[in-house]
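One-letter residues, chain by chain:
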Amino acid sequence: MAKTDKYSIRDLKKDFPTEEACLDLIFDTLHSRDCSCGGTYRQINGRKQYQCSKCRFQIAPASTTIFHKSDTPLSLWFHAIFIFSNAKSGISAKEMERQLGVTYKCAWRILSLIRKALKQSNKKLRGGVEIDTGFFGGRGNAGKNNEDLSKVMARKAVVTIAVERNGQIRAEIVPDATAKTMQDFIDRNVEKEHTTLITDSSKVYGRSDKVWNREKVDHHKKEYVRGDIHINTVETFFSHLKRSIKGTFKSISKQHLQSYLDSFVFHYNNRYNDKERFGVLLGTVLHASR
Ligand SMILES: [Zn+2]
């Protein structure tokens, strides 16, 4: 693949050689250089502020962003966002600490602020939409005769994922794996018109059948693909998620899992944009309010 298909560390250094260049990007993403009075905003030397040449109004562009009140230089923040944008299997705070040469606490804070900015869109999915549910985390033994199975299952997080064929993905922690919960999830995330749901044969998806057209693959009968009917896309995402969490983070608490899901969804939804993913992530982070 040609070099130009990627956004490399060299591109980053070239585009943002100084703190001033980083600040210019922040200003230009969030504000216009033209003031309503007819003047023009310019960076004030040595300060993180811009001032209008005519009316003298001042704007501190970073003050509404996650960079506010951070002692970390903007160029290091940009580097962190660059690393995150290329880490398709996730990146741990320990790894970020090593790569940036900051403390573990600082690396952890940077990562959690980036993840927090990655809320999933609420635009509904349509067309062929595969849906599947899985369980995450929660250690413990169910016992010889599964007598403690319910206790073990209660410690696990239930995650439901919907993926539009050739499109976007949605991944949510849901309260449980009941039919009522699945119906709510589908209502919230999937368009009713021009859409076919594709699921396994589990009865929990059945409540939506009055409204949605649904095709099933019956894994119990060892049926995995029937022409175009399969849930391979969503199952592939699930296994990437589980492998990445195990490999990169070892384990994730229920409390933080959703923000990790959001970051994997971000990577999936921007999977074809190796050149643009850094810019998309930077823009997303800048627009997300603190
Ligand atoms: Zn002005």
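Not measured: the values here are computed from a predicted model. (Residues numbered from 1 in each chain as written. Predicted model: local features only at pLDDT ≥ 70, side-chain atom pairs only at ≥ 80, totals over all residues.)

Bringing the sheet that holds strand 5 (residues 157-164) into the picture now. Hydrogen bonds between backbone groups are what pair the strands of a sheet, and the pairing can be parallel or antiparallel. Strand order in the open sheet formed by 5 strands is 6-5-4-7-8, with mixed pairing between adjacent strands. Two strands in the sheet have a free side with no partner beyond their single neighbour: strand 6 (169-174) and strand 8 (213-217). For this sheet, the mean angle separating the axes of adjacent strands, direction not counted, is 25°. Sheet analysis places strand 5 next to strand 6, joined by 6 bridges and oriented antiparallel. For I161, the partnering residue across the bridge sits in strand 6 and is A171. Each of strand 4 (125-136), strand 5, strand 6 and strand 7 (190-200) touches helix 7 (residues 179-189); the most contacted strand, strand 6, lies at about 145° to it. In the packing of helix 9 (residues 254-269) onto the sheet, contacts are made with strand 4, strand 5 and strand 6, and the angle to strand 6 comes to roughly 175°. (Pairing = 2+ DSSP bridges. Helix = DSSP H or I, 4+ residues; strand = E, 2+ residues; numbered from the N terminus. Axes fitted to C-alpha atoms, helices over the stretch in contact; angles between N-to-C directions. Contact = placed C-beta atoms within 7 Å.)

Here the chain is described as being made up of domain 1 (3-116 + 275-287) and domain 2 (125-252). Each of domain 1 and domain 2 was reduced to a C-alpha centroid, and the two centroids are 36 Å apart. Each partner contributes residues to the interface: domain 1 has 4 residues there, and domain 2 has 4 residues. Within the side of domain 1 that touches domain 2, the residues separate by chemical class into 1 nonpolar, 3 polar and no charged. (Domains from an automatic or database assignment. Nonpolar A, V, L, I, M, F, W, Y, C, P; charged D, E, K, R; others polar.)

Read from one edge of the open sheet, 3 strands run 1-2-3, paired in antiparallel fashion. With partners counted over all chains shown, the strands left at the sheet margins are strand 1 (41-43) and strand 3 (58-59), one partner each. Inspection of the sheet shows strand 2 (residues 50-52) paired to strand 3 by 2 bridges, in the antiparallel sense. Counted as the bridge partner of Y50 is I59 from strand 3.

Attention now goes to the nonpolar core. Core analysis: the biggest nonpolar cluster contains 57 residues, and I81, V129, I161 and L197 have the highest contact counts within it. At 8 residues, helix 3 (residues 74-86) tops the list of elements feeding residues into this core. In terms of domain composition, this core takes at least three residues from each of domain 1 (3-116 + 275-287) and domain 2 (125-252). Sequence-distant contacts of I161, that is, excluding residues within four places in its chain, are made with D132, I169, R170, A171, V234, F237 and F238. (Core = buried A, V, L, I, M, F, W, Y, C linked by C-beta atoms within 7 Å. Buried ≥ 20, exposed ≤ 12 C-beta atoms within 10 Å, placed from the backbone.)

Time to look at unusual backbone geometry. Negative phi characterises most residues that are not glycine, and trans characterises most peptide bonds. With a phi angle near 60°, N166 is a residue other than glycine that sits in the positive phi range. Within the secondary structure, N166 is located in the loop between strand 5 and strand 6. N166 sits in the exposed class, given 8 other C-beta atoms within 10 Å. Residue H194 is not a glycine yet carries a positive backbone phi of 50°. In this structure, H194 sits in strand 7. The exposure class of H194 is exposed, given the 8 C-beta atoms found within 10 Å.

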